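# Report on the structure
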Amino acid sequence: MASHIILPKEEEEEEVEEGLGVAVEADHDLPEPPRYRHLQPAQKALPFSATCVRISRDSYPNLRALRNASATSLRDDDDAFAKLDEGDYGYVLDDVQHLTDYLPELPTFPNPLQDHPAYSTVKQYFVNADDTVPEKVVVQKNSPRGVHFRRAGPRQRVYFEPEDVKACIVTCGGLCPGLNTVIRELVCGLSHMYNVNDVFGIQNGYKGFYSSNYLRMTPKSVNDIHKRGGTVLGSSRGGHDTHKIVDNIQDRGINQVYIIGGDGTQKGAYEIFKEIRRRGLKVAVAGIPKTIDNDIAVIDKSFGFDTAVEEAQRAIDAAHVEASSAENGIGLVKLMGRYSGFIAMYATLASRDVDCCLIPESLFYLEGEGGLFEYIERRLKENNHMVIVVAEGAGQDLIAKSIPVADQLDASGNKLLLDVGLWLTHKIKDHCKSKKMEMTIKYIDPTYMIRAIPSNASDNVYCTLLAHSAIHGAMAGYSFTVGMVNGRHAYIPFHRVTSTRSKVKITDRMWARLLSSTNQPSFLSKEDIMEAREAERLANRLPVPAGSSEHTKKHSASVLSNASGDVQGAPTLTLSQLHQPAAAITVPAPPSSATAGTASVAVIDPDDRNRTSGTGRDAGTRDRSTARGRGS
């Protein structure tokens, strides 16, 4: 991190003279690096990252600081694999696993890149050992520096000689634009940068480790696969048998494993790493997160997302043409988003032709004042047509009430969703028929078309950088998930990307921009808004306003009690969120016998929503249990 700190010129010169300035790579590869650095009284204090110390679980009970800083709970078995370094001003490095953590006597070798004609001329090509990437980039003047991750990039010393490397690549889960690009760049990067000759492809997902022959891959064999959609290795869900997989890795002499897949796949990669460590094998495991829904935690975005949004916009354009060409025409587009509505939100913002966007994170209801049906009637009366975008995971609780179905899971353990687009189409038709309204509705589901296309230019570049970062980390002996955090590529511990999902924050300004763009109602009631305002006051420990009634004071105590411990995983409110224009805040909901374990209710302050429709703020006739039954 010394390279990230700007010192006054005279101080910088003094530190260089003392040998404390930016120097060559000083990572795991140097002999006996000191874990603790004790400063002499006469010695000048170092930058905060240079004074990082190793924290034991005895001195850091239950990893409390990491949990507080990142709002992420660790499972008990994750505690043993967490590596935390603490620095000044609340700095915490959530480090990744390294081969030397369980094989301390491993030799190191010069990085072949230092003699590579394409890279040897690049100034400061090797990343500094202290370089880290902050998880939170927006901070206040006196706020702690928070959680950081190890910066991705080539190290000056590596733990594998090129002729000894046997690498394998596997793709798991659903299809996504960019899979072939990542495969191609892994093969070409290993060959062209590190002179690795033995690269193998695992066919058809995790089960291919023990049920298929390994496919030898060369730069020539993967030369043009990035122009095709899908994955040349094949993919599947499930099939993960940790012991069988590691047995085959050990038997075949594989020492670098590159695993491309979503959160379930990364959980599998984590289990593979744990078993490799238990056996004491010199094997690096590199995960490259893939999900078209963009719901991988911590990282800025997953590869293929830009391509998915671009293709989704074409479906929205088609729906708009169909809707505007008919009297009272409605174009309904269902997009991907099982738990997170990122594709629906960004495609809506990119299109500007959408009148209503429905996502899993935001509640909505059909009947009554301020409901979806009322909004549809008004938009058709005003514009004679409308376009609705719905994420596949939205409204599943409403469908379950009208179509009782036993929960079913796919091979990856994901709940099989009912078709919200088809269900909503029939519901809208029935409503318009009951109102004797002439209406034409066109339903478009481009899901599999979007998944199967090649990645666009932006994603191709991103896939290349991810693949190269993964190679550099594996050669340096790390095991990790790689991703971009605040615009910088970083190595992230497996447990950080598998313990939770990234979701659209309806407390964020981006969702407020969408509401402003579509002019859709927030589907929230006055009661929700009052509870949210009270929760805001309590969360910030504000006094009860003068002249408040006894009912308000009692209600304050009640909300504070509910917010303090009954709701598990309720997100924390911040002033920066609460003061944003049209920002929503999240309120812990008291559990009841019908909705035990529910998380929260999201509400929009009506004072910031005057630019939207006047309806949709009073929903007194809606089913209150439905409103409480879904967490935001």
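Predicted model only: the values in this text are computed from it and were never measured.

## Some points on the overall build of the chain
Helices and strands together make up the secondary structure of the chain, namely 20 helices and 21 strands. In the chain, once contacts between residues fewer than 6 apart in sequence are set aside, the share between residues at least 24 apart is 77%. About 28400 Å² of surface is accessible on the chain, with carbon and sulfur atoms providing 49% of the total.

## Notes on the sheet that holds strand β15 (residues 356-358)
Spatially, the four strands line up as an open sheet ordered β15-β16-β14-β17, and their pairing is parallel. The open sheet is flanked by β15 and β17 (440-444), the only strands paired with a single partner. Each adjacent strand pair in this sheet contributes to an overall mean axis angle of 15°, direction not counted. In the sheet, β15 pairs with strand β16 (residues 385-391) via three bridges, with the strands oriented parallel. Across the sheet, L358 pairs through a bridge with V390, a residue of β16.

## Remarks on the side chain of T307
Relative to the elements of secondary structure, T307 occurs in helix α8 (residues 305-324). There is a polar contact of 2.9 Å between the side chain of T307 and the backbone nitrogen of N456. Discounting chain neighbours no more than four positions away, the residues touching T307 are P177, I453, P454, S455, N456 and D459.

## A short note on the environment of T440
Note that T440 resides in strand β17. Sequence-wise, T440 and K429 are 11 residues apart; in three dimensions their C-alpha atoms are separated by 8.5 Å. Every residue in contact with T440, bar those within four places of it in the chain, is listed here: A326, E327, N328, G329 and I330.

## A look at empty space enclosed by the protein
What the rule picks out here adds up to three cavities of 30 Å³ or more. Here the second largest cavity is characterised by a volume of approximately 80 Å³. Every residue along the wall of the second largest cavity is listed here: F81, D95, V96, Q97, Y270, F273, S479, P493, F494 and H495. Put simply, the parts of the chain that give the lining of the second largest cavity at least two residues each are α7 (263-279) and α15 (494-498).

## Focus on the UniProt feature "active site" (unreviewed entry) in the chain
Mapped onto this numbering, the UniProt entry annotates "active site" (unreviewed entry) at D293. With respect to the helices and strands, D293 occurs in the loop between β13 (284-289) and α8. D293 has contacts with M336, G337, R338, S340, F342, I343 and E392, leaving out every residue within four places of it along the chain.

Rules used in this analysis
Residues numbered from 1 in each chain as written. Predicted model: local features only at pLDDT ≥ 70, side-chain atom pairs only at ≥ 80, totals over all residues. Heavy atoms only, no water. Helix = DSSP H or I, 4+ residues; strand = E, 2+ residues; numbered from the N terminus. Contact = heavy atoms within 4.5 Å. Areas by Shrake-Rupley, 256 points an atom, 1.4 Å probe, with all protein chains shown as cover. Pairing = 2+ DSSP bridges. Axes fitted to C-alpha atoms, helices over the stretch in contact; angles between N-to-C directions. Polar contact = N/O pair within 3.5 Å; in protein donor to acceptor, adjacent residues only side chain to side chain. 1 Å grid on protein atoms, 1.4 Å probe; cavity = no way out; pocket = protein on both sides within 12 Å on 5 of 7 lines; lining within 4 Å. Points joined across faces, edges and corners; volume = space filled by probe spheres on them. UniProt positions renumbered as here; feature names shortened; annotations may be inferred.

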